[in-house]
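The lines below spell out each chain.
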Amino acid sequence: MSELRVIKYGNPILRMKAKHIENIDSDVKQLANDMITIMQGEEGIGLAAPQVAQSISLLVVDMSLIDEEGEPTAFINPEILTSEGESVLEEGCLSLPDIREDVKRPEIITLRYQNIEGEVSEKRFDELLARVLQHEIDHLNGVLFVDRISSLKKKMFNKKLKEIATEERVEIV
Ligand code: NI
């Protein structure tokens with residue numbers, strides 16, 4: 001496997017807008033597979049390509065953690081078409097170790113995306129899957145869940161965020 005690692009808060013790649021994928025070639029498929037391996041190794045439920053320093057519009061979700069018959073699945077060029085309702089749920093992120101907080105998001109979304117074979121689907125997602133997809137799509141737009149909590153709550157994490165960013169700078173150099 002390639003030398004991918006999960007990059008952390010403070011790495012500028014996490015703030016970039018991910019590029020649309022024009023051609024789902026063998027590199028993209030390999031990356032999706034590698035991301036699934038990393039996600040499962042880190043016991044994450046989702047992972048977006050920018051989190052492994054690849055700023056392209058690809059994310060993976062481990063559907064097996066949501067549905068017995070589900071399996072790890074790649075979503076390419078996902079686009080939220082509609083959203084409705086509201087729910088509050090605690091989130092965490094592999095790029096923000098040891099930080100967890102309640103985040104308010106729409107409860108149900110309709111998503112247009114391509115699967116790993118390039119086929120376009122439009123599907124409605126709710127509950128945990130809608131939550132994970134929105135969190136990962138945020139990554140494709142350079143947004144982190146701590147951007148979606150109150151500034152007061154974010155202040156509580158300031159020290160921790162600085163520590164993570166300091167460690168990440170050491171990794172980048
Ligand atoms: Ni995340």
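Looking at the overall build of the protein
In terms of regular secondary structure, the protein is built from four helices and seven strands. Reading the protein from its N end, one meets helices and strands in the order α-β-β-β-β-β-β-β-α-α-α. Its C-alpha radius of gyration of 16 Å places the protein within 12% of the 16 Å reference for a compact globule of 173 residues. Over its C-alpha atoms, taken along the principal directions, the protein stretches across nearly 45 × 40 × 30 Å. The 173 residues of the protein split such that 44% are buried. Intrachain contacts of the protein at a sequence separation of at least 6 include 62% that bridge at least 24 residues. If you average the places of the 21 positive and of the 33 negative side-chain charges in the protein, the two averages end up 10 Å apart.

Overview of helix α1 (residues 26–41)
If you check α1, its first and last C-alpha atoms are 22 Å apart, about what 16 residues at 1.5 Å a residue would give, namely 22 Å. Within α1, the full set of buried residues consists of V28, L31, A32, D34, M35, I36, I38 and M39. The N-cap of α1, judged by a side-chain oxygen 3.2 Å from the amide nitrogen of D27 a few residues on, is D25. Backbone geometry just downstream of α1 places E43 in the positive-phi region, at approximately 55 degrees.

Examining the pattern of salt bridges
Opposite charge on two side chains permits them to pair, given that their charged atoms come into close proximity. Under the counting rule described, the total for this entry stands at 18 salt bridges. The salt bridge involving R105 is made with E91; its shortest N-O contact spans 2.7 Å. Here R105 is found in strand β5 (residues 101–105), whereas its partner E91 is found in strand β4 (residues 87–91), with 14 residues between them in sequence. Classification of E91 by relative accessible area gives buried; the value is 4%. We note a salt bridge from R112 to E122, for which the minimum N-O separation is 3.0 Å. With a gap of 10 residues between them, R112 in strand β6 (residues 108–114) and E122 in strand β7 (residues 120–125) connect regions that are remote in the sequence. One connected set of salt bridges, linked through shared partners, spans E91, R105, R131, D138 and R148.

Some points on a nonpolar patch on the surface
Judged by side-chain polarity, L65, I66, L89 and L128 come together as a nonpolar surface patch covering roughly 310 Å² of accessible area. With respect to the helices and strands, the residue I66 is situated in the loop between β2 (58–62) and β3 (72–84).

So, the pairing of β3
Along a regular strand, successive side chains alternate from one face of the sheet to the other. With five bridges connecting them, β2 and β3 associate as antiparallel partners. Bridge pairing links V61 to T73 in β3. Relative to β6, β3 runs antiparallel, the two sharing six bridges. Looking at the pairing, E79 lines up with R112 of β6.

Reading the values: the criteria
- Position numbers for residues start from 1 in each chain and track the written sequence from start to end.
- Only residues with pLDDT of at least 70 are given local features in this predicted model, and only at 80 or more are side-chain atom pairs given and counted; all residues enter the totals for whole chains, interfaces and linings.
- Excluding hydrogens and water, the side-chain values take into account all heavy atoms of the structure.
- Put simply, DSSP H or I for four residues or longer makes a helix, DSSP E for two residues or longer makes a strand, and each gets a number counted from the N terminus.
- The size measure is the radius of gyration over C-alpha atoms, and the globule rule it meets is 2.2 Å times the number of residues to the 0.38 power.
- We call a residue buried when its accessible area falls under 20% of the maximum for its residue type, exposed when it is over 50%, and partly exposed in between, using a 1.4 Å probe and counting protein chains only.
- Should any heavy atoms of two residues lie within 4.5 Å, those residues are considered in contact.
- Charge convention: Lys and Arg are scored as positive, Asp and Glu as negative, and His as well as the terminal groups of each chain are ignored.
- Note that the charge is assigned to NZ on lysines, CZ on arginines, CG on aspartates and CD on glutamates.
- Multiply 1.5 Å by the residue count of a helix minus one, and that product is the helix's expected span.
- Any pair of nitrogen or oxygen atoms within 3.5 Å is treated as a polar contact; in protein, a donor-acceptor pairing is required on top of that, and neighbouring residues in sequence qualify only through side-chain atoms on both sides.
- Just to be clear on terms, a salt bridge is a Lys or Arg side-chain nitrogen sitting within 4 Å of an Asp or Glu carboxyl oxygen.
- Patch members must show over 30% relative accessible area and no salt bridge, and they are joined within 9 Å when carrying like charges or within 5 Å when they are nonpolar side chains of Val, Leu, Ile, Met, Phe, Trp or Tyr.
- Accessible surface is estimated by sampling points in the Shrake-Rupley manner with a 1.4 Å probe; for residues, cover comes only from the protein chains shown.
- At least two DSSP bridges between two strands are required for those strands to pair.

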